[in-house]
Amino acid sequence: AQTAKMIIGVEGASVKQMRQETGMHVHVDSKIVPPGPTNEMSEQGVCVEGPLSGLHLAVMTILAHMIPLTGELWFPAWAAMSYAGNDFIGLTLFEHVGGKAKGKGKPTVVPPPSPCSGLEVPHIAMPSRLVIPPRPTRLAIKILIAKPEASAILGRGGDRIRAIEKLTGALMQMSQKDQFFPGTNLQELRVSGTSEEIILAGVQYALGQITDQIGVLACGDEKIEQGEARIRTVVPTHVANLMQASVQDLILTTGMQVHVDPTCVPPGAQPHHSEQVVSFTGPLEGAVAALQTIATHIVRVCREPWFEHWVFNSSCGVEIPGFVLPMDRNVASQRAMCKVTQSLITSVQALGDQLQHLRSRLVERMTTLGINPNVDASELSQAEMNLQYAIALQAGAHQSLVGNAMVASTAAAAAAGAGNNVLIAVKLLMSVPEATALIGLDATTLQQIQGNTSTSMRLSEAIYPGTELLELTIQGMAKEAVFLALMHVTTVVVDLCGSMGSGDDHCDKGCLRMKLILPAKAAASVIGVGGQSVKHITTQCNVRIQVDHTPIPAGPGGSEQALLLAGTLTACQNTLPHILEHVGLIATEKDLVAWAAHTNTGTPIPGLILFAGNPTGKGRKPKHDRGP
């Protein structure tokens with residue numbers, strides 16, 4: 001359509017000149033294809049009629065108008081697509097073209113071609129090679145919205161959406177009011193631009209119109225309340241996979257619950273030809289962070305060969321018989337998780353302040369003991385760390401951390417008996433230096449973690465059989481609480497010690513080799529039938545998981561096994577929810593109160609050395625894991 005405007009020129013000057021120079025009748029049809037508002041992908045028909053001798057010059061003139069547009073961002077996508085086969089009701093092109101003289105300029109006299117020499121055409125000097133300047137990558141964000149929300153963005157006659165385009169420089173495209181995303185009754189808003197900043201500005205202004213006009217940002221969810229928001233985005237399947245692998249990080253970053261719908265659209269398509277819906281649910285103030293997260297993930301794949309096709313195309317209007325997209329199948333659980341998410345954000349923020357204070361106290365104490373504070377805790381001698389551990393215990397840490405197992409177990413059992421929740425528990429093996437860092441010099445660090453996470457923790461005095469490690473038991477009345485506590489513990493240890501090797505010397509900075517003790521049935525569930533479960537977890541999270549073959553008795557009729565989780569801090573923390581899901585499954589079948597209260601520390605088991613019988617482990621070995 002832009003070329004058609006250039007052919008016509010100001011007040012028709014260009015088309016008149018073209019008619020005079022070529023001797024051809026040139027007609028630019030006024031109808032837009034597809035019908036509706038004009039955009040970069042719109043087309044118009046041009047009819048050229050007259051003596052054959054003028055055809056070459058006419059075509060070259062049209063191409064001369066088109067060449068300047070080949071460097072535009074939208075041009076390759078326009079060249080690759082076609083409206084052929086589409087039925088636009090009521091559209092008829094060139095219906096006003098008729099009569100030899102209608103609309104014709106005065107033609108110049110063109111001599112007829114010589115019957116002997118063949119067709120003679122004017123010589124036009126063309127460049128030997130068309131040079132198209134490199135163009136910036138086009139980015140896009142796609143949002144699903146209900147009809148009232150679409151109207152709020154469009155405004156009367158489209159005035160609001162045009163104003164947003166002018167203000168931000170973004171291209172805003174709304175699907176037709178009767179063209180919905182497959183399996184839904186939602187329209188699609190596609191915001192594209194040449195930079196992350198442009199598309200974010202466009203989306204934020206557009207969604208701002210929804211909150212201004214309607215009062216709540218719901219993206220079609222009628223149950224969203226004031227102060228909450230629900231954002232439904234459409235992303236390439238490759239991006240959906242990236243986001244699924246880092247859901248816990250997304251929750252921490254945005255403060256919103258994140259759900260990646262597993263259904264690909266269209267169903268059965270290859271990943272580079274399909275897309276998925278990712279939803280964010282939570283407080284309205286988290287919406288901006290959610291949009292920034294989406295844009296960041298989009299940028300990561302913008303150089304892929306399939307990306308440009310995704311930007312300029314939409315699944316809206318595609319009919320898939322019998323297909324329904326069950327996006328809201330877990331809305332209730334997502335809302336329930338929002339409170340836990342907010343607690344997590346608050347606790348992690350508080351943790352940063354606690355770590356800074358603890359680091360200062362640790363440096364002071366190390367200086368008092370004559371230890372070089374510039375040396376990593378992981379490099380200190382065992383004697384020095386044992387000394388610090390003894391000092392911390394004398395300061396009262398031992399009394400507050402070891403606690404009374406019977407009291408904790410009784411309280412947990414009472415809560416479980418009330419029918420509100422199920423006790424979840426795990427046991428973490430730690431070296432003395434790691435336990436020292438976790439306790440804190442004034443015995444407050446672990447107390448604060450317990451208070452922030454609503455969990456109960458117990459640190460053993462004796463070592464676990466088959467190791468030289470202490471046992472930290474963590475229990476709570478929800479998987480989320482135990483997960484939050486593990487996040488705190490691992491973050492503190494890595495921040496102060498540089499890594500968490502659980503007694504293994506060869507552990508890279510910022511990495512973990514967590515040794516967990518789980519009920520034997522939970523350990524078996526993590527592995528799964530034929531190892532399928534552990535393969536899925538290790539592939540998705542890029543970690544290595546190894547379960548020791550030896551079951552260790554753990555009270556009447558029970559047993560436990562050790563599990564090694566190795567990888568980067570982030571990767572291991574992302575894996576913990578998967579492990580806790582398996583613990584939760586076992587907890588619903590068998591009460592874990594007795595197992596949580598039992599400990600094997602201080603019990604000698606002749607010949608037992610953990611992880612000595614199966615050094616290869618299960619799952620793949622990430623590049624950051626330098627253990628055996």
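See the structure printed just above.
Residues numbered from 1 in each chain as written. Predicted model: local features only at pLDDT ≥ 70, side-chain atom pairs only at ≥ 80, totals over all residues. Heavy atoms only, no water.

J.: Even after reading the chapter, I still don't get helix H10 (residues 287-300), so can you show me in this structure?
T.: Every α-helix winds through 3.6 residues per turn, so residues three or four apart in the chain are directed the same way. The end-to-end C-alpha distance of H10, which contains 14 residues, comes to 20 Å, matching closely the 20 Å that a straight helix rising 1.5 Å per residue would cover. Of all the residues in H10, the buried ones are Ala287, Ala289, Ala290, Leu291, Thr293, Ile294, Ala295, His297 and Ile298. (Helix = DSSP H or I, 4+ residues; strand = E, 2+ residues; numbered from the N terminus. Expected span 1.5 Å × (residues − 1). Buried < 20%, exposed > 50% of the residue type's maximum accessible area, 1.4 Å probe, protein only.)

J.: How should the packing of helix H5 (residues 147-154) against helix H6 (residues 159-168) be read in this particular structure?
T.: Relative placement of two packed helices is described by the angle separating their axes and the distance separating the axes. Look at H5 against H6: their axes get within 5 Å of each other, and the N-to-C directions meet at 60°. On the basis of the axis angle, H5 is oblique to H6. Contacts between H5 and H6 involve Ser151, Ala152, Ile153 and Leu154 on the former and, on the latter, Asp159, Arg160 and Ile161. (Axes fitted to C-alpha atoms, helices over the stretch in contact; angles between N-to-C directions. Parallel < 35°, antiparallel > 145°, perpendicular 65-115°, else oblique. Contact = heavy atoms within 4.5 Å.)

J.: How should I be thinking about the packing of aromatic side chains in this particular structure?
T.: Where two aromatic rings form a pair, the distance of their centres and the angle of their planes describe that pair. Scanning the model with the defined rule gives two aromatic pairs in all. Measuring from ring centre to ring centre gives 5.7 Å for phenylalanine 307 and tryptophan 310, while their planes differ by 35°; the resulting arrangement is tilted. Of this pair, phenylalanine 307 and tryptophan 310 both sit in helix H11 (residues 307-311), three residues apart, roughly one helical turn. Taking the relative accessible area as the measure of exposure, phenylalanine 307 reaches 1% and is therefore buried. Take tryptophan 310: its relative accessible area is 8%, and that puts it in the buried class. Linked through ring pairs, Trp306, Phe307 and Trp310 together constitute an aromatic cluster. One residue, lysine 427, lies across the ring of tryptophan 595, its end atom 4.2 Å from the ring centre. (Phe/Tyr/Trp six-rings, centres within 6.5 Å; stacked < 30°, edge-to-face > 60°. Lys NZ or Arg CZ within 6 Å of the ring centre and 35° of its normal.)

J.: What is the right way to look at the pattern of salt bridges in this model?
T.: Oppositely charged side chains are able to pair whenever their charged atoms sit close together. Scanning the model with the defined rule gives six salt bridges in all. Between glutamate 560 and lysine 427 there is a salt bridge; the shortest N-O distance is 3.4 Å. Here lysine 427 lies in strand E9 (residues 424-430) and glutamate 560 lies in strand E15 (residues 559-568), a separation of 133 residues in the sequence. For the residue pair glutamate 560 and lysine 427, the accessibility class agrees, reading buried in each case. (Salt bridge = Lys/Arg side-chain N within 4 Å of Asp/Glu carboxyl O.)

J.: Could you clarify how one ought to interpret H5 in this entry?
T.: Three or more residues of H5 are buried, namely Glu149, Ala150, Ala152 and Ile153. Buried positions in H5, seen along its axis, are confined to an arc of 160° and lie on one side of it. Taken together, the buried residues of H5 touch strand E3 (139-145), H6, strand E4 (171-174), strand E5 (187-193) and helix H7 (196-213). Following H5 by one or two positions, glycine 155 has its phi on the positive side, about 75°. (Arc of directions from axis to C-beta.)

J.: Could you clarify how one ought to interpret the environment of threonine 473 in this entry?
T.: When you line up the elements, threonine 473 lands in strand E11 (residues 470-476). Residue class for threonine 473 comes out buried when judged on its relative accessible area of 1%. Separated by 14 residues in sequence, threonine 473 and leucine 459 have C-alpha atoms that sit 6.5 Å apart. Residues in contact with threonine 473, not counting those within four places in the same chain, are Val426, Lys427, Ser456, Met457, Arg458 and Ala596.

J.: Which parts of the structure should I look at to understand unusual backbone geometry?
T.: One can expect most non-glycine residues to show negative phi and most peptide bonds to be in trans. In this structure, proline 34 follows valine 33 across a cis peptide bond, with omega equal to -5°. The omega angle of the peptide bond from valine 265 to proline 266 is -5°, so this bond is cis rather than trans. Considering the arrangement of structural elements, one finds proline 266 in the loop between strand E7 (257-260) and strand E8 (275-283). The phi torsion at cysteine 219 lies on the positive side, around 50°, for a residue other than glycine.

J.: What exactly am I supposed to notice about the nonpolar core here?
T.: In a soluble, globular protein the nonpolar side chains are often hidden away together inside. Core analysis: the biggest nonpolar cluster contains 57 residues, and Ile143, Ile145, Leu189, Phe280 and Phe307 have the highest contact counts within it. The element contributing the most residues to this core is H7, with seven residues. When residues no more than four places from it in sequence are discounted, the contact partners of phenylalanine 280 are Ala229, Arg230, Ile231, Met243, Thr254, Met256, Gln257, Val258, Ala290 and Ile294. With 54 residues, the next largest nonpolar core counts Ile424, Leu446, Ile474 and Val482 among its residues. (Core = buried A, V, L, I, M, F, W, Y, C linked by side-chain atoms within 4.5 Å.)

J.: Hey, could you run me through the sheet that holds E8 in this one?
T.: The strands making up a sheet associate through backbone hydrogen bonding, with each pair oriented either parallel or antiparallel. The six strands lie next to each other as E4-E5-E3-E6-E8-E7, forming an open sheet whose pairing is antiparallel. Strands at the two margins of the open sheet, each flanked by one partner only, are E4 and E7. Along the sheet, successive strands turn relative to each other by an average axial angle of 25°, direction set aside. Taken together, the nine bridges between strand E6 (residues 228-236) and E8 define a ladder with antiparallel strand orientation. Across the sheet, valine 234 pairs through a bridge with valine 277, a residue of E8. The strands that H5 touches are E3, E4 and E5; relative to E3, the one it contacts most, it runs at about 130°. (Pairing = 2+ DSSP bridges.)

J.: Just to check I follow, could you spell out the environment of aspartate 504 for this structure?
T.: Residue placement: aspartate 504 occurs in the loop between helix H17 (479-497) and strand E12 (511-519). For aspartate 504, a relative accessible area of 25% corresponds to the partly exposed category. With 73 residues separating them in the primary sequence, aspartate 504 and serine 431 have C-alpha atoms 8.9 Å apart. Here arginine 513 takes part through its side chain, which lies 2.8 Å from a polar atom of the side chain of aspartate 504. (Polar contact = N/O pair within 3.5 Å; in protein donor to acceptor, adjacent residues only side chain to side chain.)

J.: Even after reading the chapter, I still don't get the packing of helix H19 (residues 532-541) against helix H20 (residues 569-589), so can you show me in this structure?
T.: The geometry of H19 relative to H20 is characterised by a closest axis approach of 9 Å and an angle of 155° between their N-to-C directions. In terms of their interaxial angle, H19 and H20 are classed as roughly antiparallel. In this structure, H19 meets H20 at a crossing whose hand is right-handed. Along its contact with H19, which presents Ser533, Ile537, Gln540 and Cys541, the element H20 presents Ala571, Asn574, Thr575, His578 and His582. When grouped by side-chain class, the residues that make up the contact of H19 with H20 number three nonpolar, six polar and no charged. (Left-handed = near helix turned anticlockwise from the far one by under 90°. Nonpolar A, V, L, I, M, F, W, Y, C, P; charged D, E, K, R; others polar.)

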